[in-house]
Amino acid sequence: MSAQSDINKKVFVPRGETMLVAVEVRRRRRTAGRRILQLSTRGGEYATYLCLSVTNRTPPQLLITKVKQFAGSAPFVTRSQWGVDQLRQVNGIDPNKDCPDFDLVFDNTVDQWLCSSSAEKCIFILILYQAYKTYSGGPTGPPVCLPAGVGKVGAMRRMSLDAVRIAPRGPVEPPVAGGPRARTLSPRRKSCVPARGTEFINCQPKLTGEACTMNLVIYRVKAFFTRLKKRVLAKRPAPRAKGQPGHFSGGIMSNVVQRVTVSVGERGQRLTRAEDQTLELMHKAQQFADTAHKLSLKYSK
C-alpha cells in the first residue's frame, strides 16, 4: 500500500473526509540572504506530508492538513489543519521553470515548503487550484456586498427601514440652551467589500491554465519515474572510500579493464583458430574415409 492510500485510510476516512492529494515536504528557511534547507527533528527523524482533503458533508469544505509519521511508529499524527478560506496566497516561487519550492500564506502563519521533486510540487498546486475553483468559486470571485446569512429580500427590507429613519432635508433648528443636543439622523452607507480569496502568484501557466488534466497526467508520470529512480539508487551499494580495501583509483581501474579486454580478445582469437583447425581436420578425415571405402569396394570385387 502506498503512503497516500495509507494516509487516506487511517487519517481522513475515519473523520468523514476524502483526501485529494498528499505530498512529502520539508521545511525551507532563509537566513542571511542565503537559502538553507533544514529538516528539524523532534525525538527522531520523521516524514511530513501536506495533504489536501474535502469533507463529505454538505456544503463540502476544502482543508489543508499537515500529517507527520515518526521513525519507528506506524500511525500517522495530525499536526495542523487549515480551511482554504484561511489560505490567502499560494506562491510558486518561479513562474518560468519547475522547482520544488513553494509557499503557503495563511491568516496567521506562513509556511515555506520544499517537495521531494518539482513534479510533486506541481501536482499539489495543480490539484489545489482545481479544487479551489470547484469548491470555492474560483481564485477571483465576484465582490460580496451582502453580509453573511442575509438574503436579497432581507437586505432590501433593511435598506428601506434605514431610508425611513433618515430625516428630511430642511433648516436645522438650533438646540435649546441647557437641554440635550439634538441628534440628526445620517444615512448609512453600505460599501461593497470584495471577497477575500486565495491568490496564486508565481505559478506557471500550465498549472492554472485550461489543459490542467493533461498536465496532471504528465506530472504524475514524472513523479513516478523520479520515485523509481530514487529507489534504484538507494538499493545500490555505497562507493568505498579512498584507502579502504577494494577501492581502486581511476587510473588503476582503467588499466585493469584494458588488460582484461585484451586478454579476452586474445583468447577469442585462439578459440577461433582452434575451431578452424578442427574443421579442417574433420574435412581431411572425411576425405580419407571416402577413399578407404572406394578402395575396399574395388578390391572386394
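Just so it is clear, the model here is predicted, and its values are computed rather than measured.

Engineer: Which residues make up the overall build of the protein, and what are the values?
Structural biologist: Looking only at helices and strands, the protein has 6 helices and 9 strands in total. Here the protein holds 301 residues, and 25% of them are scored as buried. A separation of at least 24 residues holds for 57% of the contacts in the protein among residues at least 6 apart in sequence.

Engineer: Now, about the layout of surface pockets: what can you tell me, with residues and values included?
Structural biologist: Roughly 460 Å³ of internal volume is contained in the largest pocket. Forming the walls of the largest pocket are 16 residues, and the residues nearest its centre are Ala3, Gln4, Glu120, Arg227 and Arg231. For the lining of the largest pocket, the secondary structure elements donating two or more residues are helix 1 (3-12), strand 1 (17-31), helix 2 (118-136) and helix 5 (212-235). Ranked by residue count, the leading element in the lining of the largest pocket is helix 5, at 5 residues. For the lining of the largest pocket, the residue count by class is 7 nonpolar, 3 polar and 6 charged.

Engineer: Explain the pairing of strand 4 (residues 62-70) to me, using residue names and the numbers behind them.
Structural biologist: Burial analysis of strand 4 places 8 of its 9 residues in the buried class, which makes it a mostly covered element. The pairing of strand 3 (residues 46-55) with strand 4 spans 9 bridges and is classified as antiparallel. Within the sheet, the bridge partner assigned to Thr48 lies in strand 4 and is Lys68. The hairpin formed by strand 3 and strand 4 contains 6 residues between the paired strands. Across 6 bridges, strand 4 lies against strand 5 (residues 77-83) in antiparallel orientation. Across the sheet, the residue bridging to Thr65 is Gln81, located in strand 5.

Engineer: Kindly report on the packing of helix 2 against helix 5, identifying the contributing residues and their values.
Structural biologist: Look at helix 2 against helix 5: their axes get within 8 Å of each other, and the N-to-C directions meet at 150°. Classed by the angle they form, the pair helix 2 and helix 5 counts as roughly antiparallel. In the crossing of helix 2 with helix 5, the sense of the turn from one axis to the other is left-handed. The segment helix 2 lies against helix 5, with Ala119, Glu120, Cys122, Ile123, Leu126, Ile127 and Gln130 engaging Cys212, Asn215, Leu216, Tyr219, Arg220, Lys222, Ala223 and Arg227.

Engineer: Describe the packing of aromatic side chains, with residues and values.
Structural biologist: According to the stated counting rule, one finds 7 aromatic pairs in the structure shown. Three or more aromatic residues joined by ring pairs make a cluster, and in this case those are Tyr129, Tyr132 and Phe200.

Engineer: Please give an account of the pattern of salt bridges that cites residues and values.
Structural biologist: Evaluation of the coordinates by the stated rule reveals 9 salt bridges. Ionic pairing is found between Lys10 and Asp6, a salt bridge with its closest N-O pair at 3.3 Å. Of this pair, Lys10 and Asp6 both sit in helix 1, separated by 4 residues, roughly a single helical turn. The partly exposed category is assigned to Lys10, whose relative accessible area is 47%.

Engineer: Break down the pairing of strand 6 (residues 87-91) for me, citing the residues and quoting the values.
Structural biologist: For strand 6, the buried fraction is high: 4 of the 5 residues fall into the buried class. Two strands pair when backbone bridges link them, and strand 6 and strand 7 (residues 101-106) are joined in this way by 4 bridges, in the antiparallel orientation. Looking at the pairing, Gln89 lines up with Val105 of strand 7. Both strand 6 and strand 9 (residues 199-201) contribute to a ladder of 3 bridges, which runs parallel. When the sheet's bridge partners are listed, Gln89 is paired in strand 9 with Glu199.

Cut-offs used in this document
- Residues numbered from 1 in each chain as written.
- Predicted model: local features only at pLDDT ≥ 70, side-chain atom pairs only at ≥ 80, totals over all residues.
- Heavy atoms only, no water.
- Helix = DSSP H or I, 4+ residues; strand = E, 2+ residues; numbered from the N terminus.
- Buried < 20%, exposed > 50% of the residue type's maximum accessible area, 1.4 Å probe, protein only.
- Contact = heavy atoms within 4.5 Å.
- 1 Å grid on protein atoms, 1.4 Å probe; cavity = no way out; pocket = protein on both sides within 12 Å on 5 of 7 lines; lining within 4 Å.
- Points joined across faces, edges and corners; volume = space filled by probe spheres on them.
- Nonpolar A, V, L, I, M, F, W, Y, C, P; charged D, E, K, R; others polar.
- Pairing = 2+ DSSP bridges.
- Axes fitted to C-alpha atoms, helices over the stretch in contact; angles between N-to-C directions.
- Parallel < 35°, antiparallel > 145°, perpendicular 65-115°, else oblique.
- Left-handed = near helix turned anticlockwise from the far one by under 90°.
- Phe/Tyr/Trp six-rings, centres within 6.5 Å; stacked < 30°, edge-to-face > 60°.
- Salt bridge = Lys/Arg side-chain N within 4 Å of Asp/Glu carboxyl O.

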